[in-house]
Amino acid sequence: MRDKGSPGEREFGALEAGEELAMLAEMRGVVDAHGALLSVNDRADIALLAGADVLHLGQGDLRPEQARRIVGDDVIVGVSTHDPDQAHAAIADDAVDYFCVGPCWPTPTKPGRAAPGLGLVREVAGVSKPWFAIGGIDSARLPEVRDAGARRAVVVRAITAADDPAAAAAQLRAGLA
Ligand SMILES: Cc1ncc(COP(=O)(O)OP(=O)(O)O)c(N)n1
Ligand SMILES: Cc1ncsc1CCOP(=O)(O)O
């Protein structure tokens, strides 16, 4: 769950911790019904209390080893990275289970975030720790992202802004198979 920059956040302000927990409790039921994972953005305390499967950290959040002290060893911990140093630090960090590299293209979902582009994807291509390309990716761009070496991708608008989100997700999945 990521509320940052959402229409709901713009209209009602950022979620209070209690509101976020209540929403996560509802989402737990939905993700379980679909055999999916429940991922919490930024907040280790909320991930622990929500029984999340995944905690995703940005560069300005708790460091992975600090977050681990809160969520323990059973939660999957991931990190956003935006340059080679950050990516190699995530690769070397035993507290990190996966990492993301991007934005691959500038994206309105992350206003003001400079895009390292596909160069960063190429930098980490072949690394054995699981990693995802992120930022500005849609089905049309997926072949380029794959050619750069990515086998996994994170998208926001390509699904949330699609006329048919289920079809868009299926097309993306097929493009990564
Ligand atoms: C899988 C995945 N990737 C990235 C995010 C993070 O979004 P955000 O908090 O806006 O960005 P960073 O601060 O981490 O750069 C996520 N939740 N999940
Ligand atoms: C959270 C985040 N971090 C780098 S780009 C991004 C957002 C990606 O959104 P979109 O898929 O809509 O470009």
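An unreviewed UniProt entry annotates the chain as Thiamine-phosphate synthase originating from Gordonia polyisoprenivorans. The UniProt entry for the chain carries the following comment under Sequence similarities (unreviewed entry): "Belongs to the thiamine-phosphate synthase family." Word for word, the UniProt comment on the chain under Function (unreviewed entry) is "Condenses 4-methyl-5-(beta-hydroxyethyl)thiazole monophosphate (THZ-P) and 2-methyl-4-amino-5-hydroxymethyl pyrimidine pyrophosphate (HMP-PP) to form thiamine monophosphate (TMP)."

**Quick word on the site of ligand 1**
Taken together, 13 residues sit near ligand 1, with Arg-2, Lys-4, Asn-41, Ser-80 and Lys-110 positioned nearest. One nitrogen or oxygen atom from the side chain of Ser-80 is found 2.6 Å from an oxygen atom belonging to ligand 1. Between ligand 1 and the protein, one listed contact pairs an oxygen atom with a side-chain N or O atom of Lys-110 at 2.7 Å. Against a free-state accessible area of 440 Å², the protein chains account for coverage of 85% of ligand 1. Tallied by class, residues from the shell around ligand 1 come to three nonpolar, five polar and five charged.

**Quick look at the packing of aromatic side chains**
On inspection of all chains with the given rule, the structure shows two aromatic pairs. Centre to centre, the rings of Tyr-98 and Phe-132 are 5.5 Å apart; their planes meet at 75°, and the pair counts as edge-to-face. Of the two residues, Tyr-98 is situated in strand β4 (residues 98-101) and Phe-132 in strand β5 (residues 131-134); the sequence distance between them amounts to 34 residues. Summarising the aromatic geometry, the rings of Phe-99 and Trp-131 are spaced 6.5 Å apart at their centres and angled 25° between planes, so their arrangement reads as stacked. Remark: Trp-131 occurs in strand β5 and Phe-99 occurs in strand β4; sequence separation between them is 32 residues. In this structure Trp-131 comes out as buried when scored by relative accessible area, which is 4%. The ring of Phe-132 carries Arg-152 above its face, with NZ or CZ at 6.0 Å from the centroid.

**Considering the site of ligand 2**
Ligand 2 sits among Pro-103, Thr-107, Thr-109, Lys-110, Ile-134, Gly-135, Gly-136, Val-155, Val-156 and Arg-157. Thr-107 places a side-chain nitrogen or oxygen 2.6 Å from an oxygen atom of ligand 2. The side chain of Arg-157 places a nitrogen or oxygen atom 2.7 Å from an oxygen atom of ligand 2. Contact with the protein chains hides 95% of the accessible area of ligand 2, taken as 370 Å² for the molecule alone. Among the residues making up the shell around ligand 2, the classes are represented as four nonpolar, four polar and two charged.

**Structural notes on the sheet that holds strand β2 (residues 54-57)**
The strand order across the open sheet formed by six strands is β1-β2-β3-β4-β5-β6, and the pairing between neighbours is parallel. Of all strands in the sheet, those bounded by a partner on one side alone are β1 (39-41) and β6 (153-154). Running at roughly 155° to β2, helix α4 (residues 64-71) makes contact with β2 and β3 (76-81) of the sheet.

**Observations regarding the UniProt feature "domain: Thiamine phosphate synthase/TenI" (unreviewed entry) in the chain**
The UniProt feature table records "domain: Thiamine phosphate synthase/TenI" (unreviewed entry) at residues 16-159. Annotated as residues 16-159, this span is 40% helix and 16% strand, and its ends, taken at the C-alpha atoms, are 26 Å apart.

About the thresholds
Residues numbered from 1 in each chain as written. Chains lettered and ligands numbered in written order. Predicted model: local features only at pLDDT ≥ 70, side-chain atom pairs only at ≥ 80, totals over all residues. Heavy atoms only, no water. UniProt positions renumbered as here; feature names shortened; annotations may be inferred. Near = heavy atom within 4 Å. Polar contact = N/O pair within 3.5 Å; in protein donor to acceptor, adjacent residues only side chain to side chain. Areas by Shrake-Rupley, 256 points an atom, 1.4 Å probe, with all protein chains shown as cover. Nonpolar A, V, L, I, M, F, W, Y, C, P; charged D, E, K, R; others polar. Phe/Tyr/Trp six-rings, centres within 6.5 Å; stacked < 30°, edge-to-face > 60°. Helix = DSSP H or I, 4+ residues; strand = E, 2+ residues; numbered from the N terminus. Buried < 20%, exposed > 50% of the residue type's maximum accessible area, 1.4 Å probe, protein only. Lys NZ or Arg CZ within 6 Å of the ring centre and 35° of its normal. Pairing = 2+ DSSP bridges. Contact = heavy atoms within 4.5 Å. Axes fitted to C-alpha atoms, helices over the stretch in contact; angles between N-to-C directions.

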